[in-house]
Each structure stands twice: as structure tokens, then as C-alpha cells.
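Each chain, written out:
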Amino acid sequence: MAPQPLGSLKGFAVTFRQIFKKPITQQYPEFKRPVYPRFRGRHRLWRHENGLEKCVGCSLCAAACPADCIRVVADENTATNRVSAGERYARIYEINLSRCIFCGYCEIACPFDAITLGNDFELSEYARDDQIYTKDMLLAEPIKRVPVADGLLYDTPIPYYRTDS
Amino acid sequence: MAIAPERPEIYAGSRIPRIPTVLELPAALRDSDDVLQVNFGPNHPSTHGVLRLVVDLHGETVVGLNAKVGYVHTGFEKNMEAKTWWKAITYAPRIDYLAYQANELVFVQAIEKLLGLPLPEKATWMRMLLCELNRIHSHLVWLGTAALELGAISMFWYCFRERDQILDLSELVTGYRMHTRYFQAGGLAEDVPPGFYPECRRFVETMPGAVDQYEDLVDRNQIWLKRTKGLGLLSADDAIALGQTGPVLRGSGVDWDLRRDDPYLAYDRVDFAVPVYENGDVYDRYRVRMDEMRESTRIVEQCLRRLERLDGEPWIADDRKVVLPPREELHTSMESLIHHFKIVTEGYRVPEGEVYVAVESPRGELGCYVVSDGGPRPWRVKFRGASFVALEATATCMVDAYIADLIAIVGSLDTVMGEVDR
Amino acid sequence: MTFGGVPGLVEVREAHGETTLVVDPARLVEASLHVRDELGFAMLVDIAAADYLGWGQGGVAGHIGTPAGRSINHPGSQGLQVLPSPKPKRFAMNYHLLALRPGAPRLRLQVWLDDGEAVPSVTGVWATADWHEREAWDMMGIPVEGHPNLQRLLMDEDWEGHPLRKDYPLGGEPVRFSSAE
Amino acid sequence: MTEPWWISLIKAAVVINLLLGVFAYTTLLERKVMGRMQLRYGPNRAGPFGVLQPIADLVKLIRKEAFTPTQALDVPYIVAPVLSAFTALAAFAVIPFGEGWHVWRWDVTGQIVDVPISLILIFALGSVGIYGFIVGGWASESKYSLLGSMRTCAQLVSYEVSLALSVLGVVLMGQSLSLTEIVEKQGDTIWFAVPQFIGLVTFFVAGVAETSRAPFDLPEAESELVAGYHTEYSGMRWGLFQMAEYVNMITLSGLCVTLFFAGWHGPWAPLGPLWFLLKVAVILFVFIWLRTTLPRLRYDQLMAFGWKVLLPVATLNALVTALLVVAID
């Protein structure tokens, strides 16, 4: 290649031109980038329409978890205390999100569609203990809602992904 | 022709030192007061990752070098032995966190080779597409950071502009921007989502222009040429003796690419060129990667064309002992539910045997040696990281280098410490 | 390709389309030189050490199926354990070789070792063996004879034990959960 | 009536504060311009468009702990940043930013002090300022700092020569060492940037090296030496070094405007100091532009460039100018 001393000047044109373009960075806390439907964020537990929990405490999610960050302690439903639709329910359901690797295996493993990974990605806390999500936190609606890019892209077999996540 | 017919003579004789990975202080300087020993790393702005180079400096010249690694050793291989095959798939991409897709591919292919599992057409092409996107991603991160180390700070942002598009595509398909676990034994975890092809096509159209822009910025810049040409020399013979692969090997004039010479997936059915440069210096390694970005874009384009014709085809093999049953069957078929429980809790079993599978990752040959005892867990997993081997060449490349070259040379070898230390 | 002339050859195995040459550890360097110079395996790709302590003993479940493939309805597959074939010694060192020529032939040199038995270094044959052998020493505790710089590679210099051995416990911090029960 | 001493004091106070303000906003300008060139916004959180960012930075720097390494040599370690900052500020004293005004009974000059040999004074102060960088790096007792100050030493001393030689042409054409007279001469005839184009280029390149800005930022090449001579500095001591660097850059831009772009003279509209500021801003922009675009040179290449390219060109330029000046006279 012959030496091209003026080739060095091309770079100046490249950098100069960018001044007139709109920056690509986004103003994060004000603008939250919409996530795609398949995005795997913070977990959620679900209820049936009648208010009963979908989770039956089978621990399959805990068995599937490569990071061992799910703990389920099941108990029997009784006539006076009916929590889930099945025979048993999860008395304790906890996820340590600081250990979670968001692989989504729990969601795949759950035969009752009781646990899904939602859209929340703002998961930082000040204390490690705050990263341990209990059942109540997982059942509640997420506080910080993240917009979804395009609802038409939903195609996952878990039905209420489309409407609710 | 696998090897370039005329191997270039970059320098006479072998420059590999007595201990191949250590540059020892010359005897004349051993007792001298003029030698300054400096630690480059483990915390240093130029080592992205935690590499520690113990460098002996004589003025600005590097006269001794010893690379210390292991700061991010996380015991992936040991951990994978304790997980089922299915779960271990999530570990593989985290080893080389920039070429996650290639890592996932190599591990999944090792499982499939032991199982003798056929791969559906759609999965083959989709894997190829994602791996090539991943190669572009990895090269972009390399280019951005390597240029940053040489002081060309703007390149970083331009590269990350395109990188973000790739991550977006990855999120669209797999649900996660990195470490996707999208490749499963037998195929893909999910079907290709609607809307992916047009998005990906848009990226394919913009990428060549972006590469042009990177080249405009540095390719003919005199300072860039001065900082990269004729530095970090590695002759073809030395490169082979040191086990170099990928862009480092191709930058030394050896025409070798596993995608073409030992084709896996469907690489024998796409058209692409293997860039080879002959001077074995930092500049040539940079050129190889730039050209590879263009070629990868071409492969992605060809994959897209194929995939668009495969709409509605299966994306994973139909083998109920290995592959999770379709989700809708869980509520209707008892047998499916039993298989589901079995695979999730106990994991599928893989026949006894040992295999070594290699793919061309962005950094070179990424190998996975797997031993199975027939049980649900791997007996032994060993990853052959291309970065690990590339780092072995530092001492040879560093003969007659200055401190500033040290940065350029280590950068040009493109090491990812996660892969080195595993 | 014939492997008749390889010095110290013990066994040739073909499986999964891969060729494994089991070689006598004492003649490893000769064998390496032979495969490099006569057979053209110019590149040492990887050295993988494996520990077979406890191989085929209790707790290992066999693979269920037929050699030709798996069938869901394979009769009698339940409860039938197939133990894996026994291994000659505890440790195996696998040298994965590659020839840079069309077809990309690969070869695995395998050497079997007992605990504490040293393996000769092949750094003189392939320079790249340097770190691979250090890693094998560090992770598996396989002493390498004649290595120019045999130190720990990944672990600290004063680390005790060899982490990838099967008898090295898989430790780690337990995952934290709330104190409820 | 010429100005009494107290007017000079007032001017000094005003100019120093102005200079510090310009310094603060140069950092903002740099970050903003670099941001836009790199597809980012740059700082935009403190105040509208980030205009309060320099103040936020200042508050942060002052409140930060300024620690001292145990091994450091205390006195030189603390004095070094002060020395650098002081000389950097002092050098601006002789740069004329306006043609002078007649206020009531006094003729006020357009600079703090009008010295007949102001050009030499600037170079002298610059050379003293280098000691701040050298001593600071050496006194921190860190290997990176030591390497950084070694580089500073060699680089700044060798480029000083080219810098001085490159303005020789201007001095010959202006037939004076006083900056005011040089500017006046340009106002009467032609901007020296045109006849002294080669001088301008060598002056600018040597100036970039002299202020150790990219692509000559070797003394603090962050990928090699972490932060060069100020690796071990923190808080406002680091801030002083940073200030010295930026003020040097502003002074150099001011000098460049004075010597080659006719100082406060504009092509139209006699705006005086505003023209001066505008031209300085343009030159600062070029400084920033260089930084975003170019990779860093290597140490030996830098030295080779300085001694083998820049110095001969500057010398030749001075010689040819001298011959032409003699011939035309």
C-alpha cells in the first residue's frame, strides 16, 4: 500500500460529521428502553382468575435452577386454608436474585405456568438481603413497569405473557 | 489448499524463548540497576479483564515479561461436572463472555455428538446466523477496546453503536442480550420469533457501511499505521508451534479456518472468503478481523435467505428422551409430563464416551473435550480457549517491543480473561 | 493413515469419528515427535487431563438405550444399569492434535497415569504445551517431567490441593435465603 | 498618562478569574464536543445542558480526600501542582486580548503587563512550569509516575525547541518580541497565518505536544502509565495539575491567535476581546477534535518526529523567512 499522508484526514471528517447526528445514548432513568417480549427479567408468580395461586409447590423450578437460587417449601392445602388450586401449595417461595442468572429454566420447568420471567430489569438494591424475593413480592405487581417494544412479537406458549407481563 | 503455499519469512529462525511463555531478562541486564520491574495489572486500565503482566523495563524497552493469569478462575469445569448436561449448558456461554454463542455451540455440539442426535435444518441455519452475529459482536468489542488503548477513543463508541444492535437482535430472539442458552441439545430452545428477519436484515444492510466508517477513522491514519505495522511479529512457524488459531494465525499468513477446512453446521453451504495476511504483525491481525466482520455479514445474509424459506419447520429434534416436550402437551399428555419431570429433575443421559469438538470462535479454535460415563452429568468438561493459547504468544511477540507496543500487542491477541482462567 | 510406527503405541481406538492413540507414558516424547514429523500433526491444540477416580462405581447411572439410538419404548430399559467400561489407571492426559491440511485430521494421544506418576513434558515438541502442562499440574496434580517452568498457573502459588480432582470437594458459599425456617 | 500599578492589579484579578472561568468551561466544552463526536450527549445533568457541571466537578474535587502516598517526598509532592498551576496562570499575563482603552485619565493596555520581551517570558514561564510535572511525578515514588515524568521531561524539553523556533518567523516578520506590536503589525498588513503557514503548523503541532494533549499525551497515556505523573494525586492537587494543563492549553491557543491570527483584530466589526475569545475557542475546538480522532504516538516515534521532522522544518522556515525579510527590505 502506497503511503497516503492525506488518509489521516479522513478520520477528522468522520468525527466531525457525528456532531450533527442525534446521539444514540438514551437518557436512562427518564427513558426506559422497551424490552422485547422474550426478555427475561425479574420473576413473577401468578394467580388464577379466582385468586388461587397457580404454584402447587412441586419444586420443579428449584430442581431446574442451575444456580440453586430458588427455595420452595410446600404445605398441604386444607379446607379452611386453601391457597392454590392443587393439593399442595408453596408455603415459602423465595428467589435469591443476586444469584439468579436469568436463564429462564424455572419458567421452562414449571408445568403450571406459575412462574414467569417478566420485564423488570431494574433490580439493584442497597443490601444483599433485599435481593431475596419472597413469595409476596413475587406475587405482587411490579412497581417499576418497563414498556414492551412490540406486543405483536409475542409468540411464547405461556398464554398470559401477551396481556399481562 | 489449506496452508499458504509460500510461508512468509517474517524473521529468520524461531523467536520463541527458552520458556515459551516467559521473556527472561538478558544476562547482561540481570544485575543492572537500570531495570525497572513494573506490574501491568491485575488492575490496570489497559488490561480489560484481570491479566497481570510482570514487565521488566529497560528505559522504555520491554526486556522481560511474565504473564500471570488466574485472577478470574471461577471453576466452570468443576461446576459443570456437578450439574446435569441440561443445566451445564447455561455455564458454557459465561466462559468467554464475548463469544457466548460460540461457547454454547461447542458444548451443545459435544453433547449432540455423544448422543448422535440429528439437527433440524432450521436449527442449523439459525445457529450459524447467531454465531456469525456473535463473531461480529466480539470483533466490535475488540476493535473498540484495542483502538481505545492506542488512544483512538472515538472508535469505541462507534463500535458499540453496532454492538448494541446485535445485542438487541439477541434479546429479540433469545430473551437475553448475552449468555442466551438458546442452543439446546437437539436444536434451539424456541422458534425464531416473528419480526426477527426484517430486523436482522436491516442490520445486515447497515453493517458494511459501519465497517467503512471504522476504516475511514483509522485504516489510513499514519499514526495508527505506525503504531501497528511491524509490531508484535509472529512468524507462521512460530504461530503453529505456539498453537495459535483464528485471526492471530491468519494474520501470520497461515490460511486456516475451521469453518472452511473442517466445516460444521452448514458452513460448507455458504459462500465466504477467509482473509489471510502475511506480515504477522498487529496491523495484519486488525485487518483480518475487519475483513471477517464483512464476511460474517455476508454469511448472516445468506443464512437469512435460507431461513426465510424454512418458515414453519421444526426447530428442535423430536427425541423425547433428550428434548423437553412441547409446552402445550404438558396439560394434555401424561407421558409428556413424565418426560418433562424426568428431564428437569434427573436430566437426560448421555452415552459413555469422550469427544473433542472444535468450532471457530471469534478468537480461534474453541474446543470442548467432554467425557461422559453414561450418566446425567458430564464426567469431565474441558474447554480449550483460544485466548488461553493466544496469551502464550505474548512473550514471543514482545521481543524488541516498547511499553506502548506491549499494550498494542496484548490487545491484538484479543484475549478474554474469562476464557483464559475459566 | 496408519499408526503402526508410533513408538510406545498401546492401543488405537476409533469412536465418534475420532482416533485415539493410547501411548506408553515413558515413550510419549518419541511418539509425539513421530506424529508431528512423520504424520504431520504440527499443531497441539489442547492438553486435557481427566481424573477417573470413582469411575463406574456407585452413584453412576448407566445410559439407557441401544447402540443404534434411543427408543422410548426400548423394553427393559428401566432399572438396567450399564456400568461404563473400566479405565486402566486413575488419570488420563489427552493431547489433542491437529494437522493443518485438507480434511483437518485430528488425533488424540492418550497417556494413562497413576496418582503422582510423572508424565514427560512435550514443550520441546510443541511450544504451546507450556501452559497446558502447567494447567494440568495445577488443576489435576499431574507432575510434568522436564518442563522448563512448572508452576501453578491458575491457582495461587501457595494453594493446597488440585481443584479439578474428583476427591477435591466442590465448596462455595451457600445461597442465602430469608431466615424463615 | 500610562496606567498606575493598581489598575494592573485590578486587571490581573479580572483576567485570572476570567481565565479560571474559561478553564472551567473549556473542560465542559471538551466533554460536550467529545460527547457529540462520539454519539453521546456529554454531561447534561447538572443544570440545563450541564452548564453547572464544572462547578459540580469543583465541589467534588475540593471535598475529595487528597491523600499522600507514605513513600512520597512531602514538600515537592505538595509544591509541584502549585508550581504548575501558578506558572500556567502567570504566563497569560502578557497575552494581549484587546488593543487598549482610554479610561478617564489613563491609557489601559490590553494585557496585564506589557513587557517588551513578552514572547520570551512566556517560553520561560512554560519551561519553569514543566518542573511541576517532573517533580510531581518523581516525588510520588510510583513507578508509573516516574515513567510519566521521565516522558514529560524528554517530550516537553524537546518540543520546546521546535516551539521557539517556529515563532522565529513571526518575530522576524513582526520585527519585535512584544506581542502587542506583533498584533498591531498583523492588523496593518496581513494575518501571519498566511505567509507563515508552515510556521503556524509547526507551532500548533509543537504546541499540542507542549501541552501534552492527544495525540501527544504520552506523559499521561492512560493505557500504559495509568495516569502518568499524576497517578498518585487526588482531590484538588490533581485538580491543580488538571488546571495547569488546561490553562496551558488556553494560553497556547491565545498565543497562537496573537502570533498568527492578529489577536483582537477581526475581519469586520471591531469587537476587540470578543474576536480574541472567539478565535481562541476555535483553536480549542481543534485541540479537542484532534483528541477525539487520533490515536496516540509511541514514545520513540514522538521523539523522532520532534527532532527529525518538526525541528528541521521549523529551522528551515525561520531561515527562509529571514532571507525573505532581508531580501524585501
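See the structure shown above.
Residues numbered from 1 in each chain as written. Chains lettered and ligands numbered in written order. Predicted model: local features only at pLDDT ≥ 70, side-chain atom pairs only at ≥ 80, totals over all residues. Heavy atoms only, no water.

S.K.: Could you give an account of the interface of chain B and chain C, with specific residues and numbers?
M.R.: Contacts between the two partners involve 67 residues from chain B and, on the opposite side, 61 residues from chain C. Together, B:Lys78, B:Glu354 and B:Trp379 form the three largest contributors to the area buried by chain B at its contact with chain C, with a combined 14%. Between B:Lys382 and C:Glu135 there is a salt bridge whose closest N-O contact spans 3.6 Å. Between the two partners, chain B and chain C, sit 23 residue pairs in polar contact (both at pLDDT 80 or more). Tallied by class, residues from the side of chain B that touches chain C come to 32 nonpolar, twelve polar and 23 charged. (Contact = heavy atoms within 4.5 Å. Buried area = accessible area lost by both parts, 1.4 Å probe. Salt bridge = Lys/Arg side-chain N within 4 Å of Asp/Glu carboxyl O. Polar contact = N/O pair within 3.5 Å; in protein donor to acceptor, adjacent residues only side chain to side chain. Nonpolar A, V, L, I, M, F, W, Y, C, P; charged D, E, K, R; others polar.)

S.K.: Report on unusual backbone geometry, specifying residues and quantitative values.
M.R.: Even without being a glycine, A:Ser59 presents a positive backbone phi close to 70 degrees. Topologically, A:Ser59 is positioned in the loop between β1 (43-45) and α2 (60-64). If you check the backbone angles, C:His16 has positive phi at about 50 degrees while not being a glycine. The exposure class assigned to C:His16 is partly exposed, which follows from its relative accessible area of 32%. (Helix = DSSP H or I, 4+ residues; strand = E, 2+ residues; numbered from the N terminus. Buried < 20%, exposed > 50% of the residue type's maximum accessible area, 1.4 Å probe, protein only.)

S.K.: Run through the interface of chain B and chain D, naming residues and quoting values.
M.R.: With 34 residues of chain B at the interface, the matching set in chain D holds 25 residues. In total, about 2,700 Å² of surface goes out of reach between chain B and chain D, with carbon and sulfur atoms giving 62% of it. Viewed at the interface, chain D and chain B are joined by two salt bridges. Note that B:Glu60 and D:Arg151 form a salt bridge whose closest N and O atoms lie 2.7 Å from each other. Here chain B and chain D share eleven residue pairs in polar contact (both at pLDDT 80 or more) between them. Contributions of two or more residues to the side of chain B that touches chain D are made by β2 (35-40), α4 (121-149), α5 (154-174), α7 (222-228) and α15 (403-413) of chain B. If you tally residues by element for the side of chain B that touches chain D, the top one is β2(B), at five residues. Partitioning the side of chain B that touches chain D into residue classes produces 19 nonpolar, nine polar and six charged.

S.K.: Quick rundown of the nonpolar core? Include the residues and the values.
M.R.: Of all hydrophobic cores here, the largest spans 102 residues; its most connected members are B:Phe107, B:Leu129, B:Phe196, B:Tyr214, B:Tyr348 and B:Phe383. Considering every element that reaches this core, the biggest residue donor is α4(B), with 14 residues. Excluding its chain neighbours within four sequence positions, the residues that come into contact with B:Phe196 are B:Met126, B:Leu129, B:Leu169, B:Leu172 and B:Val173. Counting residues in hydrophobic clusters, the runner-up holds 101 residues, among them B:Val389, B:Cys397, C:Val6 and C:Leu107. (Core = buried A, V, L, I, M, F, W, Y, C linked by side-chain atoms within 4.5 Å.)

S.K.: Would you mind going over the state of the cysteines in detail, with residue names and values included?
M.R.: Residues and elements named next belong to chain A. In total, this model carries zero disulfides over all chains according to the counting rule given. With no disulfide of its own, Cys103 lies 6.2 Å from the sulfur of Cys65, the closest cysteine sulfur. With relative accessibility at 8%, the residue Cys103 sits in the buried group. (Disulfide = S-S within 2.5 Å.)

S.K.: Would you mind going over the pairing of strand β4 (residues 91-98) of chain C in detail, with residue names and values included?
M.R.: All names here are of chain C. Burial within β4 is extensive, with eight of its eight residues counted as buried. Because side chains alternate across β4, one face comprises the buried residues Phe91, Met93, Tyr95 and Leu97, and the other comprises Ala92, Asn94, His96 and Leu98, equally buried. Direction of pairing for strand β3 (residues 43-51) relative to β4: antiparallel, over a ladder of eight bridges. Paired with Ala50 across the bridge in β4 is Ala92. Alignment of β4 against strand β5 (residues 106-113), held across eight bridges, turns out to be antiparallel. What sits directly across from Asn94, in β5, is Gln110. (Pairing = 2+ DSSP bridges.)

S.K.: Describe the sheet that holds strand β2 (residues 70-76) of chain A, with residues and values.
M.R.: All names here are of chain A. Strand order in the open sheet made by the three strands is β2-β3-β5, with antiparallel pairing throughout. Two strands in the sheet have a free side with no partner beyond their single neighbour: β2 and β5 (132-133). Here strand β3 (residues 88-96) runs beside β5; their pairing, made up of two bridges, is antiparallel. Within β5, the residue paired with Ile95 across the bridge is Tyr133.

S.K.: An account of the side chain of D:Ser84 is needed here, citing residue identities and associated values.
M.R.: Residue and element names in this part refer to chain D. Within the fold, Ser84 resides in helix α3 (residues 74-91). For Ser84, a relative accessible area of 1% corresponds to the buried category. Apart from residues lying up to four places away in sequence, Ser84 is in contact with Gly129, Gly132, Phe133, Phe241 and Ala244.

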